Amino acid sequence: MSGYISLTYFDLLLASIFLILNGTLSLWLHLGLERKLAVAAARMVVQLILVGLLLKSLFSILSPWLTLLVAAFMVLFAGREIWARQDYRLRGVWGYGLGTGAMAFAGAGITLIALSSMIGADPWWTPRFALPLLGMVLGNTMTGVSLALDALHSNLRRERVAIEAQLLLGADRWVALRPCLRRALRAGFMPIINAMAATGVVSLPGMMTGQILSGVDPTEAVKYQLLVMFLIGGSTGLGVLLAAFGSVWRLTDERHRLRLERLTKAKDNA
Amino acid sequence: MLHVTNLTRLMIGPINLTIRDGECVALTGPSGTGKSVLLRAIADLDPNSGVVKTNDMQRETVSAPQWRKQVAMLPAESGWWQENVAAHFQTPDITRHHLPEVGLPIEAMGWEVARLSTGEKHRLALLRCLEANPQVLLLDEPTAALDQDTTLLIEALLKRQLASGTSILLVTHDTAQAKRMALRILHLEAGSLTEVTP
């Protein structure tokens, strides 16, 4: 690394002036957004300071169990987000378990492979590498899985008559549900496809920008970014496929029936 | 032949019922008493218990898709999943010649689903149902959205099916139609069947 410029708290205060300006404009124009802006900004500051302190401690302690504990917390929290982002979700333990399981298997699995073979840190679980990488992979997989499950469940409810018409004509469950499954997979894949297509032209990814600002050579930053994007793409795809196929399996049975009674509306038990 | 023994589903049953080859049995009863539930249970579209069999197969011994091809159900609301009518048929080039039998022109096979009326959809759904040449037909108010002339056309088509040996269970609220089509009329109320043949 070279040319790293340390930021002072005064620099951060100056940067926050633009956000304060937005709040002032909201007050002046009676937009009613100033409170939400203030709360969101305060949450962000507190969360980032806390995570900074936590990461600093974790990096210095270098404990595999503490690293695993934080990783498990990240997975469980992301699973809660997947569960919360669906208008209609699977009843019971499946509602939380399927999305979380698919995301954890894909995200944690791919991160593990990357850490042990590509990053080559010693030890491989070094929290300075493992946790940020897991965070990026999980965050994107979480978005894909929640979009796919939400689209799948809404479509199945809307298309029930058409699906049952196909089942009554002798189609099996995979054929009858294929259009809904395809739409769900497309919804889950779309954010990462868009992100990959726009990266470097429309936007510079946050991680790469951060590295460049902190003095890393841009070609090295690009290599890291490519690695991360490949991992995110692979994990999102795998997680979306697992979750969507798992949900189709759960919402049908061995007699090729549609079992929509296994879905529940979000606000009923949120 | 359709043979149903101790069929139970939600609030209906146990139901015992036999429909011989070439026989039409009409099923009547107030709305919400489970007529459609019974048809769906026989077609194995909802979980249920009991023994259901035809001449040559017992429901549990064959796959559900295979069962539904032989015991075909026409629901009260027809479902469509493609934009074009023809895409919903296995053999559109053959079936198009049968369209006049349900009062539709041959060109209807090329129509967009979006332009179909409820009655047109229902008639096309009936033809679609017949494509696999089923042994048993479970019909849920097949003429509810049709005028008198078209209703008679559909009844004539169903009588030809009966003549070829197909068994039909016909849900209808039209007493006159029940008498025209069926030798036996069953009434479903409070979850059980009673014969009300005049």
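1. Focus on the overall build of chain B
Assigned secondary structure in chain B consists of six helices and nine strands. Relative to its length of 198 residues, chain B is compact, with a C-alpha radius of gyration of 16 Å against a globular reference of 16 Å. Seen through its principal axes, chain B has C-alpha atoms that stretch 45 × 35 × 30 Å. The buried share of chain B, reckoned over its 198 residues, is 52%. Taking all contacts inside chain B whose residues are at least 6 apart in sequence as the whole, residues at least 24 apart take part in 67%.

2. A word on the sheet that holds strand E1 (residues 2–9) of chain B
All names here are of chain B. Strands sit in the order E2-E1-E4 across an open sheet of three strands; the sheet is antiparallel. Taken across any chain shown, the strands that pair with only one partner, and hence form the sheet edges, are strand E2 (12–19) and strand E4 (49–54). Averaged over all pairs of adjacent strands, the angle between their axes in this sheet comes to 10°, without regard to strand direction. Inspection of the sheet shows E1 paired to E2 by five bridges, in the antiparallel sense. When the sheet's bridge partners are listed, Val-4 is paired in E2 with Leu-17. Seen against the sheet, helix H1 (residues 35–42) touches E1, E2 and E4 and runs at an angle of roughly 115° to E1.

3. Section: the state of the cysteines
Residue and element names in this part refer to chain B. Enumeration according to the criterion identifies zero disulfides over all chains in this entry. Between Cys-24, a cysteine without a disulfide, and Cys-129, which holds the nearest cysteine sulfur, the sulfur-to-sulfur distance is 14 Å. Of the residues examined, Cys-24 reaches a relative accessible area of 3% and is grouped as buried. On the basis of relative accessibility, which here comes to 6%, the residue Cys-129 falls in the buried class.

4. A word on the layout of surface pockets
Residues and elements named next belong to chain A. Reported here for the second largest pocket is a volume of approximately 880 Å³. Going through the elements one at a time, helix H2 (34–61), helix H3 (64–84) and helix H5 (127–158) are the ones with two or more residues in the lining of the second largest pocket. At eight residues, H2 tops the list of elements feeding residues into the lining of the second largest pocket. Classifying every residue of the lining of the second largest pocket by side-chain character gives 16 nonpolar, three polar and three charged.

5. Re the pairing of strand E9 (residues 192–195) of chain B
Residues and elements named next belong to chain B. Two elements, strand E8 (residues 184–189) and E9, share four bridges in a ladder whose sense is antiparallel. The residue bridging His-187 from the neighbouring strand is Thr-194, located in E9. The hairpin turn running from E8 into E9, its antiparallel successor, is two residues long, and Ala-190 in that turn takes a positive phi close to 55°.

6. Here we look at the confidence of the model for chain B
Scored by pLDDT, chain B comes out at a mean of 94, with 100% of its residues at no less than 70. Both scores are available for the predicted complex, with the pTM at 0.87 and the ipTM at 0.94.

7. Describing the environment of Leu50(A)
All names here are of chain A. Mapping Leu-50 onto the fold places it in helix H2. You can call Leu-50 exposed: its relative accessible area is 52%. Put simply, Leu-50 and Glu-81 are 31 residues apart on the chain and 20 Å apart in space, counted from C-alpha to C-alpha.

8. Section: the pattern of salt bridges
Considering all chains together, one arrives at 16 salt bridges over all chains under this definition. Where Asp253(A) meets Arg259(A), a salt bridge forms, and the shortest distance between an N and an O atom there is 2.9 Å. By relative accessible area, which is 13% here, Arg259(A) ends up buried. Within this structure, Asp253(A), Arg255(A), Arg257(A), Arg259(A), Glu261(A) and Asp44(B) form a network of salt bridges that share partners.

9. So, the side chain of His153(A)
Its location among the elements puts His153(A) in helix H5. Excluding anything up to four places from it in sequence, His153(A) contacts Gln86(A), Tyr88(A), Arg89(A), Leu90(A), Ser247(A), Leu251(A) and Leu263(A).

10. Concerning the environment of His256(A)
Looking at the secondary structure, you find His256(A) in the loop between helix H10 (218–250) and strand E2 (263–265). Each C-alpha atom of the pair His256(A) and Gly170(A) lies 9.4 Å from the other, and the pair is 86 residues apart in sequence. Sequence-distant contacts of His256(A), defined by excluding residues within four places in its chain, comprise Leu167(A), Asp172(A), Arg173(A), Ala64(B), Pro65(B) and Arg68(B). A polar side-chain atom of His256(A) sits 3.0 Å from the main-chain amide nitrogen of Arg173(A).

Rules and cut-offs
- Residues numbered from 1 in each chain as written.
- Chains lettered and ligands numbered in written order.
- Predicted model: local features only at pLDDT ≥ 70, side-chain atom pairs only at ≥ 80, totals over all residues.
- Heavy atoms only, no water.
- Helix = DSSP H or I, 4+ residues; strand = E, 2+ residues; numbered from the N terminus.
- Rg over C-alpha atoms; globule rule 2.2 N^0.38 Å.
- Buried < 20%, exposed > 50% of the residue type's maximum accessible area, 1.4 Å probe, protein only.
- Contact = heavy atoms within 4.5 Å.
- Pairing = 2+ DSSP bridges.
- Axes fitted to C-alpha atoms, helices over the stretch in contact; angles between N-to-C directions.
- Disulfide = S-S within 2.5 Å.
- 1 Å grid on protein atoms, 1.4 Å probe; cavity = no way out; pocket = protein on both sides within 12 Å on 5 of 7 lines; lining within 4 Å.
- Points joined across faces, edges and corners; volume = space filled by probe spheres on them.
- Nonpolar A, V, L, I, M, F, W, Y, C, P; charged D, E, K, R; others polar.
- pLDDT = per-residue confidence, 0-100.
- Salt bridge = Lys/Arg side-chain N within 4 Å of Asp/Glu carboxyl O.
- Polar contact = N/O pair within 3.5 Å; in protein donor to acceptor, adjacent residues only side chain to side chain.

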